[in-house]
Amino acid sequence: SQTIHQWPATLVQPVGSPLSLECTVEGTSNPNLYWYRQAAGRGLQLLFYSVGIGQISSEVPQNLSASRPQDRQFILSSKKLLLSDSGFYLCAWRDSGTGAGYTFGSGTRLTVV
Amino acid sequence: ILNVEQSPQSLHVQEGDSTNFTCSFPSSNFYALHWYRWETAKSPEALFVMTLNGDEKKKGRISATLNTKEGYSYLYIKGSQPEDSATYLCAWLDSGNTPLVFGKGTRLSVIA
């Protein structure tokens, strides 16, 4: 069966520090992968998605970046965090080329102080 | 920008009441409409994936309908229970590979 792992669960980071959130999927190949963020009082905002290794589409070109070094690994990064980066980050996957539902990771609560 | 709108933003009902929410989405280039249930401190859980105009889906006390021609979907909860308290998200898809576009959700609170 397919599973998705996302870590860490919570993170408190100072402004200006780097960030790395990791997401891995097991039990499937060539999944579509997604990073979403929910800021306080707002809906789910798509940050990045990937349909294959090394292929990243950016929806929010700010100080965040994403990489897909392996088929089932998706990493969200920042070189210098801003206060506005605080929020709840969700990784998700679904089978490529279908309208199937997302399976979400357990989320990361990031607080930038 | 193509938006998905959900109403109401929040809802408080008494235990046992039935309730419904609305999701409106672009009626052009429709591929699928998803409903998710999102409890606080957990990840969203898929409820329904709907693809055909006139679709009706049901899971226990929760059901959903879809009108792709006019661009709306309704989610119904019959006999609400406190454990139904959550944010209900709908999301629209215009092809098999593009990302879901989520609404902001309807936050339901069921009071015992």
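Everything discussed here concerns the structure shown above.
In this report, we go over the structure that sits alongside the text. Per chain, residues are indexed from 1 in the order of the written sequence. Whichever chain is written first is A, and whichever ligand is written first is 1; the rest continue in order. Only residues with pLDDT of 70 or above have their local features reported here, since the model is predicted, and side-chain atom pairs are shown and tallied only from 80 upward, although totals for entire chains, interfaces and linings are computed over all residues. The side-chain values count all of the structure's non-hydrogen atoms but skip hydrogen atoms and water molecules.

**Topic: the overall build of chain A**
Thought 1: Working definition: helices are DSSP H or I runs of at least four residues, strands are E runs of at least two. Numbering for both runs from the N terminus. If you tally the helices and strands in chain A, you get zero helices and eleven strands.
Thought 2: Each helix (α) and strand (β) of chain A, taken in turn from the N terminus, gives the series β-β-β-β-β-β-β-β-β-β-β.
Thought 3: A globule of 113 residues ought to have a C-alpha radius of gyration of about 13 Å, and chain A, at 13 Å, matches this closely.
Thought 4: Along the longest, intermediate and shortest principal axes, the C-alpha atoms of chain A span 40 × 25 × 20 Å.
Thought 5: Of the contacts formed within chain A by residues at least 6 apart in sequence, a portion of 54% connects residues at least 24 apart.
Thought 6: Carbon and sulfur atoms make up 51% of the accessible area of chain A, which amounts to about 5,100 Å² in all.
Thought 7: Counting 8 positive and 6 negative side-chain charges, chain A places the averaged centre of each group 9 Å from the other. What the globule rule says is 2.2 Å times the number of residues to the power 0.38, and the radius of gyration is computed from C-alpha atoms. Here, residues are in contact when the closest pair of their heavy atoms is within 4.5 Å. Only the protein chains shown count as cover for residues, and the accessible areas themselves come from Shrake-Rupley with a 1.4 Å probe. We score Asp and Glu as negative and Lys and Arg as positive, and we do not count His or the chain ends. Note on charges: their place is set at NZ of Lys, CZ of Arg, CG of Asp or CD of Glu.

**Re the overall build of chain B**
Thought 1: Each helix and strand counted, chain B has zero helices and eleven strands in total.
Thought 2: The secondary structure elements of chain B, listed N-terminal to C-terminal, are β-β-β-β-β-β-β-β-β-β-β.
Thought 3: Radius of gyration (C-alpha) of chain B: 13 Å, near the 13 Å computed for a compact globule of 112 residues.
Thought 4: Across the 112 residues that make up chain B, the buried fraction comes to 46%. Summary of the burial criterion: residues with accessible area below 20% of their type's maximum are buried, those above 50% are exposed, and those between are partly exposed, where the area comes from a 1.4 Å probe applied to protein chains only.

**Here's the deal with the pairing of strand E9 (residues 87-94) of chain A**
Residue and element names in this part refer to chain A.
Thought 1: Here E9 lies mainly inside the structure; eight of its eight residues are buried.
Thought 2: Only strands joined by at least two bridges in the DSSP assignment are considered to pair. Across seven bridges, the pairing between strand E4 (residues 32-38) and E9 is antiparallel. Within E9, the position partnered with Tyr-36 by the bridge is Leu-90.
Thought 3: Where E9 meets strand E11 (residues 108-112), three bridges bridge the pair, whose relative direction is antiparallel. Each residue of the ladder has a partner; that of Tyr-89, found in E11, is Thr-108.

**Details of the interface of chain B and chain A**
Thought 1: Listed per partner, the contact involves 20 residues of chain B and 22 residues of chain A.
Thought 2: The term buried area refers to how much accessible surface (probe radius 1.4 Å) is lost by two components on association, counted for both of them together. Both faces combined, the contact of chain B with chain A buries some 1,500 Å², and carbon together with sulfur accounts for 63% of it.
Thought 3: On the chain B side of the contact with chain A, B:Trp38, B:Asn97 and B:Pro99 bury the most area, a combined 32% of that side's loss.
Thought 4: Salt bridges are defined by distance alone: a side-chain nitrogen of Lys or Arg within 4 Å of a carboxyl oxygen of Asp or Glu. The tally of links from chain B across to chain A stands at zero salt bridges.
Thought 5: Among the elements of the structure, strand E4 (32-38), strand E5 (45-50) and strand E9 (86-93) of chain B are those that each provide at least two residues to the side of chain B that touches chain A.
Thought 6: Residue contributions to the side of chain B that touches chain A peak at four residues, all from E4(B).

**Overview of the layout of surface pockets**
Thought 1: We place a 1 Å grid over just the protein atoms. Points where a 1.4 Å probe fits but has no way out form a cavity, open points with protein on both sides within 12 Å along at least 5 of 7 lines form a pocket, and any residue with an atom within 4 Å of a point lines it. Grid points are joined across faces, edges and corners, and a volume is the space filled by probe spheres set on the points. Roughly 1,300 Å³ of internal volume is contained in the largest pocket.
Thought 2: Looking at the largest pocket, it is lined by 44 residues, and the ones nearest its centre are A:Gly43, A:Leu44, A:Gln45, B:Phe102 and B:Gly103.
Thought 3: Elements that contribute at least two residues to the lining of the largest pocket include exactly E4, strand E5 (44-52) and E9 of chain A together with strand E1 (5-7), E9, strand E10 (101-102) and strand E11 (106-111) of chain B.
Thought 4: Among the elements that line the lining of the largest pocket, the one with the most residues is E9(B), at four residues.
Thought 5: Polar here means any residue outside two lists: the nonpolar Ala, Val, Leu, Ile, Met, Phe, Trp, Tyr, Cys and Pro, and the charged Asp, Glu, Lys and Arg; Gly therefore counts as polar. Residue composition of the lining of the largest pocket, by class: 19 nonpolar, 16 polar and nine charged.

**Some thoughts on the pattern of salt bridges**
Thought 1: For the structure shown, the criterion picks out five salt bridges over all chains.
Thought 2: Across the pair A:Arg68 and A:Asp71 runs a salt bridge, and its minimum N-O distance is 3.2 Å.
Thought 3: For B:Lys42, the salt bridge goes to B:Glu39, with nearest N and O atoms at 3.9 Å.
Thought 4: The network of salt bridges with common partners includes B:Arg37, B:Glu39 and B:Lys42.

**Some thoughts on the state of the cysteines**
Thought 1: In this description, the term disulfide denotes a pair of cysteine sulfurs within 2.5 Å. Taken as a whole and assessed by the stated rule, the structure comprises two disulfides over all chains.
Thought 2: Here A:Cys23 engages in a disulfide with A:Cys91; their sulfurs sit 1.9 Å apart. Taking the sign of the torsion about the S-S bond as the criterion, the disulfide between A:Cys23 and A:Cys91, at about -75°, is left-handed. One end of the pair, A:Cys23, is in strand E3 (residues 19-26); the other, A:Cys91, is in strand E9, with 68 residues separating them in the sequence.
Thought 3: On the accessibility criterion, A:Cys23 (1% relative accessible area) is buried.
Thought 4: For B:Cys23, the disulfide goes to B:Cys90, at an S-S distance of 2.0 Å. Negative torsions about the S-S bond denote left-handed disulfides, and the value of about 75° found for B:Cys23 with B:Cys90 makes this one right-handed.

This is a description of form; function is not addressed.
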